[in-house]
Number of protein chains: 2
Amino acid sequence: MSTLKVRVEQKKLERAAYVLKCVAHPVRISIIDLLEQRERLTVSQLQEVLQVEQSLLSHHLTNMRDKGVVDTQRQGKHVYYSLTDSAITNIISCINGCKNF
Amino acid sequence: MSTLKVRVEQKKLERAAYVLKCVAHPVRISIIDLLEQRERLTVSQLQEVLQVEQSLLSHHLTNMRDKGVVDTQRQGKHVYYSLTDSAITNIISCINGCKNF
DNA sequence: GGCGTACATGAAAATATGTTCATGTATAAG
DNA sequence: CTTATACATGAACATATTTTCATGTACGCC
(Lines give C-alpha, C1' and ligand atoms only; values in the text may rest on other atoms or scores of the structure.)
Protein backbone atom coordinates (compact mmCIF):
# COMPACT_ATOMS: atom_id res chain seq x y z
CA MET A 1 0.00 0.00 0.00
CA SER A 2 3.06 2.24 0.20
CA THR A 3 4.33 3.03 -3.30
CA LEU A 4 1.13 4.18 -4.88
CA LYS A 5 1.27 7.43 -6.71
CA VAL A 6 0.03 9.20 -9.79
CA ARG A 7 2.49 8.32 -12.51
CA VAL A 8 1.51 11.07 -14.88
CA GLU A 9 3.05 14.38 -13.93
CA GLN A 10 0.77 17.25 -13.06
CA LYS A 11 1.60 19.30 -16.14
CA LYS A 12 0.91 16.37 -18.42
CA LEU A 13 -2.29 15.59 -16.56
CA GLU A 14 -3.55 19.05 -17.20
CA ARG A 15 -2.42 18.97 -20.77
CA ALA A 16 -4.14 15.62 -21.26
CA ALA A 17 -7.36 16.86 -19.71
CA TYR A 18 -7.12 19.96 -21.84
CA VAL A 19 -6.78 18.00 -25.04
CA LEU A 20 -9.36 15.39 -24.10
CA LYS A 21 -11.84 18.10 -23.28
CA CYS A 22 -11.19 19.48 -26.72
CA VAL A 23 -11.93 16.12 -28.30
CA ALA A 24 -14.96 15.42 -26.14
CA HIS A 25 -17.67 16.95 -28.25
CA PRO A 26 -19.79 15.35 -30.97
CA VAL A 27 -19.03 18.01 -33.57
CA ARG A 28 -15.32 17.95 -32.82
CA ILE A 29 -15.13 14.17 -32.83
CA SER A 30 -16.81 14.30 -36.23
CA ILE A 31 -14.26 16.81 -37.44
CA ILE A 32 -11.46 14.52 -36.34
CA ASP A 33 -13.15 11.59 -38.00
CA LEU A 34 -13.41 13.50 -41.26
CA LEU A 35 -9.82 14.71 -41.13
CA GLU A 36 -8.76 11.16 -40.55
CA GLN A 37 -10.35 10.27 -43.86
CA ARG A 38 -9.22 13.19 -45.93
CA GLU A 39 -5.91 14.58 -44.63
CA ARG A 40 -7.05 18.16 -45.02
CA LEU A 41 -10.38 19.88 -45.53
CA THR A 42 -11.65 23.41 -45.90
CA VAL A 43 -14.17 24.92 -43.55
CA SER A 44 -16.81 24.81 -46.28
CA GLN A 45 -16.21 21.14 -46.90
CA LEU A 46 -16.54 20.39 -43.23
CA GLN A 47 -19.60 22.54 -43.04
CA GLU A 48 -21.26 20.77 -45.93
CA VAL A 49 -20.85 17.40 -44.28
CA LEU A 50 -21.54 18.47 -40.73
CA GLN A 51 -24.44 20.76 -41.41
CA VAL A 52 -23.70 23.23 -38.66
CA GLU A 53 -23.66 27.01 -38.59
CA GLN A 54 -20.56 28.49 -40.13
CA SER A 55 -19.62 30.52 -37.10
CA LEU A 56 -20.15 27.63 -34.73
CA LEU A 57 -17.89 25.44 -36.83
CA SER A 58 -15.36 28.22 -36.95
CA HIS A 59 -15.41 28.54 -33.18
CA HIS A 60 -14.86 24.82 -32.78
CA LEU A 61 -12.01 24.86 -35.29
CA THR A 62 -10.35 27.84 -33.64
CA ASN A 63 -10.71 26.06 -30.32
CA MET A 64 -9.08 22.92 -31.71
CA ARG A 65 -6.35 24.94 -33.31
CA ASP A 66 -5.60 26.82 -30.10
CA LYS A 67 -5.24 23.51 -28.36
CA GLY A 68 -2.90 22.14 -30.99
CA VAL A 69 -5.22 19.46 -32.24
CA VAL A 70 -5.45 20.82 -35.76
CA ASP A 71 -3.29 22.91 -38.06
CA THR A 72 -4.31 25.34 -40.75
CA GLN A 73 -2.98 26.51 -44.07
CA ARG A 74 -4.58 29.20 -46.09
CA GLN A 75 -4.77 28.68 -49.81
CA GLY A 76 -6.41 31.53 -51.61
CA LYS A 77 -9.83 32.06 -50.22
CA HIS A 78 -9.83 28.71 -48.49
CA VAL A 79 -8.41 27.64 -45.20
CA TYR A 80 -7.44 24.03 -44.92
CA TYR A 81 -7.57 22.22 -41.61
CA SER A 82 -5.63 19.09 -40.85
CA LEU A 83 -4.81 16.99 -37.80
CA THR A 84 -1.50 17.80 -36.14
CA ASP A 85 -1.13 14.39 -34.63
CA SER A 86 -2.60 11.12 -35.80
CA ALA A 87 -2.38 9.81 -32.25
CA ILE A 88 -5.48 11.86 -31.56
CA THR A 89 -7.41 9.54 -33.80
CA ASN A 90 -6.39 6.61 -31.64
CA ILE A 91 -8.35 8.07 -28.79
CA ILE A 92 -11.52 7.56 -30.74
CA SER A 93 -10.50 4.03 -31.63
CA CYS A 94 -9.92 3.43 -27.94
CA ILE A 95 -13.41 4.59 -27.16
CA ASN A 96 -14.82 2.43 -29.89
CA GLY A 97 -12.81 -0.46 -28.53
CA CYS A 98 -14.40 -0.21 -25.11
CA LYS A 99 -16.69 -3.19 -24.79
CA ASN A 100 -18.78 -1.73 -22.04
CA PHE A 101 -19.97 1.24 -24.00
CA MET B 1 -14.98 14.96 -52.93
CA SER B 2 -18.24 13.04 -53.04
CA THR B 3 -18.17 10.18 -50.54
CA LEU B 4 -17.11 12.04 -47.46
CA LYS B 5 -19.15 11.45 -44.38
CA VAL B 6 -18.89 10.99 -40.65
CA ARG B 7 -18.23 7.30 -40.14
CA VAL B 8 -19.09 7.19 -36.48
CA GLU B 9 -22.82 7.02 -35.94
CA GLN B 10 -24.50 9.79 -33.98
CA LYS B 11 -25.30 7.66 -30.95
CA LYS B 12 -21.73 6.47 -30.70
CA LEU B 13 -20.45 9.99 -31.20
CA GLU B 14 -22.46 11.20 -28.28
CA ARG B 15 -21.47 8.24 -26.17
CA ALA B 16 -17.82 8.83 -27.02
CA ALA B 17 -18.06 12.50 -26.15
CA TYR B 18 -19.84 11.56 -22.94
CA VAL B 19 -17.13 9.17 -21.88
CA LEU B 20 -14.29 11.39 -23.00
CA LYS B 21 -15.75 14.29 -21.07
CA CYS B 22 -15.77 12.03 -18.08
CA VAL B 23 -12.10 11.23 -18.53
CA ALA B 24 -11.09 14.79 -19.36
CA HIS B 25 -10.27 16.11 -15.91
CA PRO B 26 -6.96 16.05 -14.03
CA VAL B 27 -8.41 14.44 -10.92
CA ARG B 28 -10.28 11.81 -12.91
CA ILE B 29 -7.31 11.02 -15.10
CA SER B 30 -5.33 10.53 -11.92
CA ILE B 31 -7.99 8.21 -10.56
CA ILE B 32 -7.82 6.14 -13.73
CA ASP B 33 -4.05 6.11 -13.56
CA LEU B 34 -4.16 4.85 -9.98
CA LEU B 35 -6.76 2.19 -10.72
CA GLU B 36 -4.62 1.04 -13.57
CA GLN B 37 -1.88 0.36 -11.07
CA ARG B 38 -3.91 -1.21 -8.31
CA GLU B 39 -7.00 -2.96 -9.66
CA ARG B 40 -9.19 -1.61 -6.91
CA LEU B 41 -8.90 1.12 -4.32
CA THR B 42 -11.04 2.59 -1.57
CA VAL B 43 -12.07 6.21 -1.51
CA SER B 44 -9.72 6.82 1.42
CA GLN B 45 -6.79 5.35 -0.44
CA LEU B 46 -7.51 7.52 -3.44
CA GLN B 47 -7.96 10.50 -1.20
CA GLU B 48 -4.65 9.95 0.51
CA VAL B 49 -2.78 9.94 -2.78
CA LEU B 50 -4.76 12.64 -4.51
CA GLN B 51 -5.03 15.04 -1.62
CA VAL B 52 -8.43 16.38 -2.52
CA GLU B 53 -11.52 17.06 -0.43
CA GLN B 54 -13.47 13.95 0.40
CA SER B 55 -16.72 15.19 -1.02
CA LEU B 56 -15.11 16.42 -4.21
CA LEU B 57 -13.53 13.04 -4.76
CA SER B 58 -16.82 11.39 -4.01
CA HIS B 59 -18.58 13.56 -6.58
CA HIS B 60 -15.99 12.66 -9.19
CA LEU B 61 -16.30 8.98 -8.40
CA THR B 62 -20.08 9.04 -8.52
CA ASN B 63 -19.82 10.84 -11.84
CA MET B 64 -17.45 8.20 -13.21
CA ARG B 65 -19.64 5.45 -11.90
CA ASP B 66 -22.77 6.93 -13.44
CA LYS B 67 -20.98 7.02 -16.76
CA GLY B 68 -19.88 3.42 -16.48
CA VAL B 69 -16.19 4.16 -16.22
CA VAL B 70 -15.77 2.65 -12.77
CA ASP B 71 -17.47 -0.01 -10.70
CA THR B 72 -17.90 -0.23 -6.94
CA GLN B 73 -18.11 -2.93 -4.34
CA ARG B 74 -18.74 -2.25 -0.72
CA GLN B 75 -16.75 -4.24 1.78
CA GLY B 76 -17.66 -3.38 5.33
CA LYS B 77 -17.11 0.29 5.86
CA HIS B 78 -15.09 0.63 2.70
CA VAL B 79 -16.17 1.08 -0.86
CA TYR B 80 -13.79 -0.21 -3.49
CA TYR B 81 -13.60 1.40 -6.89
CA SER B 82 -12.26 -0.32 -9.98
CA LEU B 83 -12.18 0.33 -13.71
CA THR B 84 -14.94 -1.32 -15.67
CA ASP B 85 -12.97 -1.42 -18.87
CA SER B 86 -9.23 -1.49 -19.26
CA ALA B 87 -9.59 0.08 -22.70
CA ILE B 88 -10.18 3.35 -20.92
CA THR B 89 -6.60 3.30 -19.79
CA ASN B 90 -5.46 3.24 -23.40
CA ILE B 91 -6.81 6.71 -23.85
CA ILE B 92 -4.20 7.99 -21.48
CA SER B 93 -1.50 6.06 -23.30
CA CYS B 94 -2.75 7.66 -26.49
CA ILE B 95 -2.39 11.08 -24.97
CA ASN B 96 1.06 10.28 -23.72
CA GLY B 97 1.91 9.00 -27.17
CA CYS B 98 0.99 12.27 -28.82
CA LYS B 99 4.27 13.83 -29.87
CA ASN B 100 2.95 17.32 -30.17
CA PHE B 101 1.82 17.61 -26.58
C1' DG C 1 -28.39 2.29 21.40
C1' DG C 2 -24.40 5.54 20.93
C1' DC C 3 -20.18 6.65 18.69
C1' DG C 4 -16.61 6.95 15.17
C1' DT C 5 -15.16 5.99 10.53
C1' DA C 6 -16.00 5.85 5.56
C1' DC C 7 -18.45 7.53 2.13
C1' DA C 8 -22.62 9.88 -0.35
C1' DT C 9 -25.69 13.57 -1.38
C1' DG C 10 -27.81 18.09 -2.27
C1' DA C 11 -27.95 22.84 -2.85
C1' DA C 12 -25.50 26.91 -3.81
C1' DA C 13 -21.73 29.39 -5.74
C1' DA C 14 -17.97 29.76 -8.98
C1' DT C 15 -16.38 28.85 -13.33
C1' DA C 16 -16.13 27.01 -17.92
C1' DT C 17 -18.33 25.70 -22.42
C1' DG C 18 -21.41 25.92 -26.18
C1' DT C 19 -24.31 28.57 -29.18
C1' DT C 20 -26.15 32.46 -31.61
C1' DC C 21 -26.05 36.64 -33.93
C1' DA C 22 -24.07 40.49 -35.79
C1' DT C 23 -20.13 42.14 -37.78
C1' DG C 24 -15.21 42.03 -39.38
C1' DT C 25 -11.33 40.68 -42.43
C1' DA C 26 -8.88 38.37 -46.36
C1' DT C 27 -8.85 37.11 -50.96
C1' DA C 28 -10.18 36.61 -55.79
C1' DA C 29 -12.72 38.17 -59.64
C1' DG C 30 -14.65 41.56 -62.32
C1' DC D 1 -12.46 49.82 -56.20
C1' DT D 2 -16.62 47.18 -55.75
C1' DT D 3 -18.49 42.89 -54.91
C1' DA D 4 -18.98 38.06 -53.59
C1' DT D 5 -17.05 34.25 -51.18
C1' DA D 6 -14.72 32.03 -47.34
C1' DC D 7 -13.74 32.33 -42.93
C1' DA D 8 -12.90 34.67 -38.13
C1' DT D 9 -14.18 37.22 -34.14
C1' DG D 10 -16.59 39.26 -30.19
C1' DA D 11 -20.19 40.00 -27.16
C1' DA D 12 -24.22 38.21 -25.09
C1' DC D 13 -26.68 34.53 -23.63
C1' DA D 14 -27.70 29.65 -22.34
C1' DT D 15 -26.17 25.65 -20.35
C1' DA D 16 -22.99 22.51 -18.13
C1' DT D 17 -19.28 21.46 -15.04
C1' DT D 18 -16.61 22.02 -10.93
C1' DT D 19 -16.10 23.04 -6.24
C1' DT D 20 -17.50 23.94 -1.58
C1' DC D 21 -20.03 23.32 2.48
C1' DA D 22 -23.27 21.36 5.27
C1' DT D 23 -25.58 17.36 6.23
C1' DG D 24 -26.98 12.48 5.58
C1' DT D 25 -26.41 7.43 5.60
C1' DA D 26 -24.09 2.76 6.20
C1' DC D 27 -21.33 0.02 8.80
C1' DG D 28 -18.56 -1.82 12.72
C1' DC D 29 -17.56 -1.59 17.44
C1' DC D 30 -18.40 -0.77 22.24
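Reference entry: report on the structure contained in this document. Predicted model only: the values in this text are computed from it and were never measured. (Residues numbered from 1 in each chain as written. Chains lettered and ligands numbered in written order. Predicted model: local features only at pLDDT ≥ 70, side-chain atom pairs only at ≥ 80, totals over all residues. Heavy atoms only, no water.)

All names here are of chain A. Relative orientation of the contacting elements helix 1 (residues 10-23) and helix 2 (residues 26-38) amounts to 90°, with a least axis distance of 7 Å. As summarised for this structure, helix 1 and helix 2 are arranged roughly perpendicular, according to the angle between their axes. Taking contact as the criterion, the partners of Lys 21, Cys 22 and Val 23 in helix 1 are, on helix 2, Arg 28, Ile 29 and Ile 32. (Axes fitted to C-alpha atoms, helices over the stretch in contact; angles between N-to-C directions. Helix = DSSP H or I, 4+ residues; strand = E, 2+ residues; numbered from the N terminus. Parallel < 35°, antiparallel > 145°, perpendicular 65-115°, else oblique. Contact = heavy atoms within 4.5 Å.)

The next thing to look at is the side chain of Ser 82 of chain A. Its place among the elements puts Ser 82 of chain A in strand 3 (residues 78-83). Not counting chain neighbours up to four residues away, the residues in contact with Ser 82 of chain A comprise Leu 35, Glu 39, Arg 40, Val 69, Val 70 and Asp 71 of chain A.

A word on the relation of the copies chain B and chain A. Rotating chain B by 180° and moving it 0.1 Å along the rotation axis overlays it on chain A with an RMSD of 0.2 Å. Here the transformation between the copies is reduced to the relation of a two-fold axis. Both copies present the same face, since 96% of the interface residues in chain B are matched by interface residues at the equivalent positions in chain A. (Least-squares fit on C-alpha atoms with pLDDT ≥ 70 in both.)

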